[in-house]
Amino acid sequence: NAGVTQTPKFQVLKTGQSMTLQCAQDMNHEYMSWYRQDPGMGLRLIHYSVGAGITDQGEVPNGYNVSRSTTEDFPLRLLSAAPSQTSVYFCATRSDRVYGYTFGSGTRLTVV
Amino acid sequence: GNSVTQMEGPVTLSEEAFLTINCTYTATGYPSLFWYVQYPGEGLQLLLKATKADDKGSNKGFEATYRKETTSFHLEKGSVQVSDSAVYFCALVTTGTASKLTFGTGTRLQVTL
């Protein structure tokens, strides 16, 4: 089992560029989410999904879009990258039946 | 809303020392509480959890007790090792919040020989 796979692991963008961070899981978890991790701020929820076709905003959604067309995939799109989006991004999933969350290994994004 | 407060780090200990990392929370409803650990360059791993008051979560020598009266979930280990050096996050989730985890800011632990 691969668990939660995030790609790419590292990315450098120029201000104004767009890109998609990929998250794929093979555990058939209904719940998927995106967090960003910044020094001194812990992890903050960007967007989440409770199942295919259903998404909602988290704490810091501005500048990001998501979609959930399949159970397995939950991509995060940066529409026009800004230096404030420099961060480490984590995808996390959860089964409906247990409270344990599984995290991906993260994507380190730098916007210059 | 929900919030988690952790003691600020870094915490620096000698090997075999006793560890306590404080965590207190504010929550609407009845939260489940977690400790996650992040080793350098890696994602977060669930360390332990407790889902109701007075539950004790334990794993790899770490323990934490869900104290509803003090709204706390302090992490303890009797004898730390160099390999325990990592960042530790306290977190909670409540029913009715669509399973959204709320994290503390994290506490970096550095264990030296």
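Residues numbered from 1 in each chain as written. Chains lettered and ligands numbered in written order. Predicted model: local features only at pLDDT ≥ 70, side-chain atom pairs only at ≥ 80, totals over all residues. Heavy atoms only, no water.

Residue and element names in this part refer to chain A. Pairing is antiparallel in the open sheet, where 4 strands are placed in the order 1-3-8-7. What marks the edges here is a single partner per strand, and that holds for strand 1 (4-7) and strand 7 (64-66). Pairs of neighbouring strands in the sheet enclose a mean axial angle of 20 degrees, with direction left out of account. (Pairing = 2+ DSSP bridges. Helix = DSSP H or I, 4+ residues; strand = E, 2+ residues; numbered from the N terminus. Axes fitted to C-alpha atoms, helices over the stretch in contact; angles between N-to-C directions.)

Another point: the state of the cysteines. Residues and elements named next belong to chain B. Applying the stated criterion across every chain yields a total of 2 disulfides over all chains. Covalent S-S linkage joins Cys 23 and Cys 90, the inter-sulfur distance amounting to 2.0 Å. In this structure the cystine formed by Cys 23 and Cys 90 twists about its S-S bond by roughly -70 degrees; its chirality is therefore left-handed. Taken together, the residues Cys 23 in strand 4 (residues 23-26) and Cys 90 in strand 10 (residues 86-94) connect sequence positions 67 residues apart. Cys 90 sits in the buried class, given a relative accessible area of 1%. (Disulfide = S-S within 2.5 Å. Buried < 20%, exposed > 50% of the residue type's maximum accessible area, 1.4 Å probe, protein only.)

This brings us to the interface of chain A and chain B. Between chain A and chain B, the residue contacts involve 17 residues of the former and 20 residues of the latter. At the boundary of chain A with chain B, total buried surface from both sides reaches about 1,500 Å², with 61% on carbon and sulfur atoms. Joining chain A to chain B, the criterion identifies 0 salt bridges. Inspection of the chain A/chain B interface yields 2 residue pairs in polar contact (both at pLDDT 80 or more). Sorting the residues of the side of chain A that touches chain B by element identifies strand 4 (31-38), strand 5 (42-51), strand 9 (87-94) and strand 10 (101-103) of chain A as the ones contributing at least two each. When its residues are assigned to classes, the side of chain A that touches chain B shows 10 nonpolar, 6 polar and 1 charged. (Contact = heavy atoms within 4.5 Å. Buried area = accessible area lost by both parts, 1.4 Å probe. Salt bridge = Lys/Arg side-chain N within 4 Å of Asp/Glu carboxyl O. Polar contact = N/O pair within 3.5 Å; in protein donor to acceptor, adjacent residues only side chain to side chain. Nonpolar A, V, L, I, M, F, W, Y, C, P; charged D, E, K, R; others polar.)

With that out of the way, let us pick up the pattern of salt bridges. Residues and elements named next belong to chain B. Taken as a whole and judged by the stated rule, the model has 5 salt bridges over all chains. Of the charged contacts, one joins Lys 52 and Asp 55 as a salt bridge, the two residues approaching to 3.3 Å between their closest N and O atoms. Here Asp 84 ties to Lys 77 by a salt bridge, and the two come within 2.7 Å at their closest N and O atoms. The buried category is assigned to Asp 84, whose relative accessible area is 6%.

Shape is all these values report; function is a separate question.
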